[in-house]
Structure formats: structure tokens, C-alpha cells
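As a plain string of letters, each chain reads:
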2 protein chains.
Amino acid sequence: MIPFELTILGTGSALPTSKRYHTAQVLNVRERFFLIDCGEGAQIQMRKYSVKFSRINHIFISHLHGDHYFGLIGLLTTYTLLGRTNDLHIYAHSELPKILKSQLEYMGDDIQYQIIWHPLNFKKEQTIFEDEAVKITSFPLKHRMACCGFLFTENELEQNIRKEKIDEYDIPVKMIYRIKKGENYTLPDGKIILNKELTLPAFQPRKYAFCTDTAYLPDLHKITAGVDLLYHEATFDKSLENKAEGTYHSTARQAALVARDSNAQRLIIGHFSSRYKEVDFLVDEAREYFNNTEAAYEGMIIQIPQKRVTIE
Amino acid sequence: MIPFELTILGTGSALPTSKRYHTAQVLNVRERFFLIDCGEGAQIQMRKYSVKFSRINHIFISHLHGDHYFGLIGLLTTYTLLGRTNDLHIYAHSELPKILKSQLEYMGDDIQYQIIWHPLNFKKEQTIFEDEAVKITSFPLKHRMACCGFLFTENELEQNIRKEKIDEYDIPVKMIYRIKKGENYTLPDGKIILNKELTLPAFQPRKYAFCTDTAYLPDLHKITAGVDLLYHEATFDKSLENKAEGTYHSTARQAALVARDSNAQRLIIGHFSSRYKEVDFLVDEAREYFNNTEAAYEGMIIQIPQKRVTIE
């Protein structure tokens, strides 16, 4: 299967606990590896869960609270020590390179790779990356400081041609490309073979949305509509809704409302307050509004399977 | 027992592995808690091993390679979030406050405690802290950049008076202080009771030396003479002695030579290269030269017991 796979490295909020690391995740879209946030210890977690971290070329930092980026300088240093030469793209607040400047300078000439900084736009939705496999969009969240969520949308794969039909109708190679694009095929005797007969339906493009840290945004579902997987913070339980509002965080119930309104397939909640030793009751709370909810845990891997487009 | 206890939080060198964290240790001397180096993830390790980290008021940073201080900013942030108000003393290279300046400024007004920076002297031995329980000395090591080791020497405790003797000789309270200081006691009839009879011998002051990162220093034992516990880096095995020299690190053999020449009681080796999955053979190598050697591991606790001075 062509992968679309998320690995959770940290599920805690600002205060770490003995079990929960700070926010960091790796998304593998068709063998492209994207690191989303990089809390302290992220590189150690990547080692622990055998993430191919040297293959990460793009890092996305949602905002500049330490629990979302303090692991970055250690990772950049490790890349230096490992002799990395590939460009590294970092999408973050424009202040971040300034904040890390003196530490980066201290690394000095040893650094053999280029860091390319991409400042995020915290005012409006924006496409920040696109290649043949995936399009990545940032969008503003509502936090105490400028903060972005990220939407990863797989690009459509071509339809698969049925190999047995190539032989049956003696289709020349030059036609295959056009059939994949949707054309019918006309036999020498003028008979038309419909594209539908020659191909398998394409796979549905898969979608993942990462939403932390944020207060409840009732309109967020307009951006996250139809995602296969939604990661939404659930720092608090619903009894602390006022506290959530005051600190610009969400409750498990609110995360579930976003999933429900997005018509998402699955919801993963995380960024749990250190006050909660166990989070099962947060999952229960969310399931009242959106059944397919699970709690993130360190080392959790979520694979989003490919599904063919259903033909009516 | 009055504690003199070391907790090891990280035993790796520059590259972390799935099992080894970066250098950090906590020394508890009679309920004073000293953090020695603060690699990435130190605060998480402290949670894991139930270190009373809010009671740390003094932090010692040997040098400015990232694996020895990248965990500091996260710890300072956590102190802020926990509402710390106690002064925090940090003993480090004078560049460190400059390096962390922008990150500290970003923390802004939230910080309710004072950080007092103490620049280390990398040219000569220096007393950097002293109170009634402990004296702490920094001394230069030999590394690619300015680097200090630290020697923690317990101050002498008073002799313990034998309570039964107070009753036997009807000793007035005002004399007890003087007897503890070593005086004899003269009875009303002129008979002299020797101090030795009235007191238990004092405890030997305990000593711990922390030596990382460093090339082999044949004269280091002059500073670390007579320590109860020596922590000495052993990044490499003796077959890589040239590599150790070139990178200003030590081999297990060299660590053992320092322990032997110091007439130390125990040696703990650490700061292991990521090339070593197991380190038993490094311990074996060291034991050829200094038998009482162990390998550090994450969560290791070493208690140095009190011993009374032996009277001849």
C-alpha cells in the first residue's frame, strides 16, 4: 500500500509528565516525511520509534510556545553531526530564525546543509508546499499567540489501467497514458470501449488535518471538511470549558464537535493537560459527539488506507 | 542517613540513541539539589525518576556543546509555568545567557524568578559555591571548547556527642558545643575526661567529581584526589584512543587511570559513543586498571554512605 501514515511522538501539553512528551508528529505521505512540531525530546522519540528522521526535509512549527519547538535545535545539531547535506525547509513564525540565530551561529561552519525558512501567514489560509504527491496548507488557529494548523491533502493518483484489457484489445503503449487520463479507446473496427471497462477507479486522495493549539473554532470544519484523520487538541475536559476558553485551548467535547462538523473519518485527540493521569474519560466525552475518537499516545501509528472511488 | 546521592539522567554523547539521553545528573548533598549539565530531555528524565526538580537552585553547565545544555530552556520554561519565585543560579560559560537571550525574552513577563548567571573560569580551579554543607569547585578540562569539571566536597559535620555521657558526667548544656568542637571536659573534682570518650568520631566529608567532556588528563587526579565517587567520560574504547585524542574525549582505560591515580573509591563511566549498543566491554576494559568501575545508566542512583573517621 502506498503509505499515508502518522506517527505520534508526543501527546503532552506545556508541562511534560513522566509519560507524555511534548508535541511532535511525523507524517509519511508516499515516502515523503513531514515533521509537524518539534517539542523537546522529539529526536529521541524518533529514534525510539524508528522514524527515518534523516529523510525529513520539511518541518512545520505551529507556533512559538516552547513545547512545540524546543526540540528543533537539538535535531538541527544532530543533522549537522550526521553530515546532512540536503536542504531543510522549515515553515514557522518569522521570529523563529531570529530566536535560534545565536545557537545556529554557535554550530558554525560545521553545518553542511541549507536551512530554508518559510514564514507562515497567521492571517489567512495559504498553500505552503505542493509537489506531485501532496499539497500542504496552513490555516490560522485561535491561540494566545499566532498559531497555525496544517492540512495535508494527497494529490490524486492516476487511474490504474486493467492489464488484462491491454492484451484483450491489443492497446498500443502510446494510448495507455490517455486512457489513464480518462479517454475511451476506439477499436480499429470503430467500436468504442468505455474508459470504465479499461480502468480501475482511482484512489480517493487522503487528507490529514493537524489542529493544535487552539480555542474552539466553530467554523474550523470549513477547512477540515472531509478529512480522513483529524488531530485536534483536547487539553481539558468539558467541566473546564471556561479555563479552556481563557487559555485558548479546547475541551475533548469541542474537538469532537469539529470532527463531527468536518464529517471526518477519525479523530485523534491529544495535547493533554498534565493534570490528567489517564485520558480515557476524555475519549468517552468526545465519543458522545463523535464516535470514532481515540486518544493519542507516544508511539501511536495511524495508517490511512487507500480507498478506490466508489462508482455509482 | 544524611544524603549524598547522585542520580544519572543521561549517559549518551552527542548523538542520542533510543536508550541513551544526553548528559544530565542531579546531586543531592544533604537536601541541596544540584543539577549538573542539562541535555535535551533532562526535565522529562527528572519527572521519570521522581527528582525533586523544583528544589534545584543551582545548575552547572560544563560547556556549550548542545548535548550538555539544550534541555535548559525547557526547564526554565517549566519553572516559569509552575510559578517558581526562588532565585536560580546558573554556573556556565559567559556566552550562555547571550545564546538564550531571545528565548528568555520571548518568555517575557511570565518569568517570576531571578536567574543569576555565574560565568565559569576555564583557565584555573575556582571555588564557585560554598555553604555550610558543601563546597563546589570548578576546574578546567581539555575539550574542543572551553569546558569545566566540578568537584563537590561536603563540609565537615560536627562530631556527635555520646548522649549517655552527658548524663553520666552531668555535663552542662553550654559545654556541649565546645565538646563537639573537640574540647575535653574537666569534672568538678579536676579529673579530665578526654574528648575521645565523650564523642563519636566525625563523619568523613564526602566528595564527588564530575569530569566530562575531556581528553585524558594525566594530572587530573591532583584535583580529584581521594574522591568517593568519580564520574569520568569514556566516550570510546581503547582501540579508538587516537580518535579519542583527536576529538578531545577519553577511553574507558583512561577514565580508569584517572580513578586509580585519584585513589577514588568508585568510578562511574558514561558519555558513551552512540556506536556502542552495549557497554559491558567498556567496564571490563576499565576494570583492568580500576576494579570498582560501573557503567552509568539512565535512572541510576548512587548513594555515598557516611563513614566515621577511623581512629588509630
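Just so it is clear, the model here is predicted, and its values are computed rather than measured.

## Some thoughts on the overall build of chain A
A count of helical and extended segments in chain A gives ten helices and 18 strands. The principal-axis extents of the C-alpha atoms in chain A amount to approximately 75 × 55 × 35 Å. Across the 312 residues that make up chain A, the buried fraction comes to 45%. In chain A, 64% of the contacts between residues at least 6 apart in sequence involve partners at least 24 apart.

## Details of the relation of the copies chain A and chain B
Overlaying chain A with chain B gives an RMSD of 0.1 Å, the required rotation being 180 degrees about an axis along which the chain moves by 0.0 Å. Here the two chains are linked by the operation of a two-fold rotation axis. Taking C-alpha positions as reference, the residue of chain A nearest the rotation axis is Gly 41 of chain A, located at 2.6 Å.

## Digging into the domain arrangement of chain A
Per the domain assignment, the segments making up chain A are domain 1 (4-156 + 206-303) and domain 2 (160-200). For domain 1 of chain A and domain 2 of chain A, the distance between their C-alpha centres works out to 44 Å.

## Section: the sheet that holds strand β16 (residues 266-270) of chain B
Backbone hydrogen bonds hold the strands of a sheet together, and the pairing may be parallel or antiparallel. Residues and elements named next belong to chain B. Taking strand neighbours across the sheet as the criterion, the seven strands line up as β7-β8-β9-β14-β15-β16-β17 in an open arrangement whose pairing is mixed. Where the open sheet ends on each side, the last strands, each with one partner, are β7 (126-130) and β17 (293-295). Strand after strand, the sheet turns through a mean of 20 degrees between neighbouring axes, direction not considered. Contacts from helix α9 (residues 252-262) reach β15 (229-233), β16 and β17 within the one sheet, and its direction differs from that of β15 by about 155 degrees. Sheet strands touched by helix α10 (residues 280-287): β16 and β17. Its angle to β17, the strand with the most contacts, is close to 165 degrees.

## Things to note about the environment of Glu 278 of chain B
For Glu 278 of chain B, the position within the fold is in the loop between β16 and α10. Along the chain, Glu 278 of chain B and Thr 127 of chain B lie 151 residues apart, while their C-alpha atoms are 37 Å from each other.

## Observations regarding the sheet that holds strand β18 (residues 301-303) of chain A
All names here are of chain A. Judged by pairing direction, the sheet is mixed, and its seven strands sit side by side in the order β6-β5-β4-β3-β2-β1-β18 without closing on themselves. Among the strands making up the open sheet, the edge pair consists of β6 (115-119) and β18. This sheet shows a mean twist of 20 degrees between the axes of neighbouring strands, independent of strand direction. For strand β2 (residues 24-29) and strand β3 (residues 32-38), the ladder comprises six bridges, and the chain directions are antiparallel. From the neighbouring strand, Gln 25 faces β3, where its bridge partner is Ile 36.

## Let's talk about the interface of chain A and chain B
Taken together, the contact pairs 26 residues of chain A with 26 residues of chain B. Taken together, the elements giving at least two residues each to the side of chain A that touches chain B come down to α1 (42-48), α2 (72-81) and α3 (96-107) of chain A. Grouping the amino acids of the side of chain A that touches chain B by side-chain chemistry returns eleven nonpolar, eleven polar and four charged.

## Re the pairing of strand β2 (residues 24-29) of chain B
Residues and elements named next belong to chain B. Buried residues dominate β2, accounting for five of its six residues. Here strand β1 (residues 4-10) pairs with β2 via six bridges, running antiparallel. Along β2, the bridge assignment pairs Leu 6 with Leu 27. The antiparallel hairpin formed by β2 and strand β3 (residues 32-38) contains two residues in its connecting segment, where Arg 30 sits at a positive phi of about 50 degrees.

## With respect to the nonpolar core
Counting residues in hydrophobic clusters, the biggest one holds 147 residues, and the most contacted among them are Leu 230, Leu 267 and Ile 269 of chain A together with Leu 230, Leu 267 and Ile 269 of chain B. If sequence neighbours within four positions are ignored, Leu 230 of chain B has contacts with Ala 209, Cys 211, Thr 224, Val 258, Ala 259, Ser 262, Ala 264 and Leu 267 of chain B.

## Focus: the environment of Ile 193 of chain A
Residues and elements named next belong to chain A. If you trace the backbone, Ile 193 turns up in strand β12 (residues 192-193). On the basis of neighbour count, Ile 193 is assigned to the partly exposed category, with 16 C-beta atoms found within 10 Å. A C-alpha to C-alpha distance of 51 Å links Ile 193 and Tyr 297, two positions 104 residues apart in sequence. Those residues in contact with Ile 193 that lie beyond four places of it in its chain are Tyr 169, Asn 184, Tyr 185, Leu 187 and Leu 198.

## Quick look at the pairing of strand β15 (residues 229-233) of chain A
All names here are of chain A. In terms of burial, β15 is largely enclosed, as five of its five residues are buried. Burial along β15 is two-sided: the residues Leu 229, Tyr 231 and Glu 233 and Leu 230 and His 232 are all buried. Pairing between strand β14 (residues 207-211) and β15: four bridges, direction parallel. Of the residues in β15, the one forming a bridge with Tyr 208 is Leu 229.

## Looking at the packing of α9 of chain B against α10 of chain B
All names here are of chain B. It is at 8 Å that the axes of α9 and α10 come closest, and there the two elements cross at 40 degrees. In terms of orientation, α9 and α10 fall into the oblique class. α9 and α10 meet at a crossing whose hand is right-handed. For the pair α9 and α10, the contacting residues are Ala 252, Arg 253, Ala 255 and Ala 256 in the first and Leu 282, Glu 285 and Ala 286 in the second. Looking at the contact of α9 with α10 residue by residue, the classes come out as five nonpolar, no polar and two charged.

## Brief notes about unusual backbone geometry
Thr 212 of chain A connects to Asp 213 of chain A through a cis peptide bond whose omega is -10 degrees. Looking at the secondary structure, you find Asp 213 of chain A in the loop between β14 and α7 (221-224). Positive phi outside glycine occurs at Asp 170 of chain B, with the angle close to 55 degrees. Here the phi dihedral of His 271 of chain B falls at roughly 60 degrees; this positive angle occurs in a residue that is not glycine. The topology assignment puts His 271 of chain B in the loop between β16 and α10. Residue His 271 of chain B is classed as buried on the basis of its C-beta count, with 29 C-beta atoms lying within 10 Å.

## A look at α9 of chain B
Residue and element names in this part refer to chain B. Among the eleven residues of α9, nine are classified as buried, and the element is accordingly described as predominantly covered. Of all the positions in α9, only Ala 252, Arg 253, Gln 254, Ala 255, Ala 256, Leu 257, Val 258, Ala 259 and Ser 262 are classed as buried. In the stretch just after α9, Asn 263 is the one whose phi turns positive, near 55 degrees.

## A few points about the confidence of the model for chain A
Counting all residues, the mean pLDDT for chain A is 95, and 99% of those residues have values of 70 or more. Scored by ipTM, the complex comes to 0.89, with pTM at 0.91.

Rules and cut-offs
Residues numbered from 1 in each chain as written. Chains lettered and ligands numbered in written order. Predicted model: local features only at pLDDT ≥ 70, side-chain atom pairs only at ≥ 80, totals over all residues. Helix = DSSP H or I, 4+ residues; strand = E, 2+ residues; numbered from the N terminus. Buried ≥ 20, exposed ≤ 12 C-beta atoms within 10 Å, placed from the backbone. Contact = placed C-beta atoms within 7 Å. Least-squares fit on C-alpha atoms with pLDDT ≥ 70 in both. Domains from an automatic or database assignment. Pairing = 2+ DSSP bridges. Axes fitted to C-alpha atoms, helices over the stretch in contact; angles between N-to-C directions. Nonpolar A, V, L, I, M, F, W, Y, C, P; charged D, E, K, R; others polar. Core = buried A, V, L, I, M, F, W, Y, C linked by C-beta atoms within 7 Å. Parallel < 35°, antiparallel > 145°, perpendicular 65-115°, else oblique. Left-handed = near helix turned anticlockwise from the far one by under 90°. pLDDT = per-residue confidence, 0-100.

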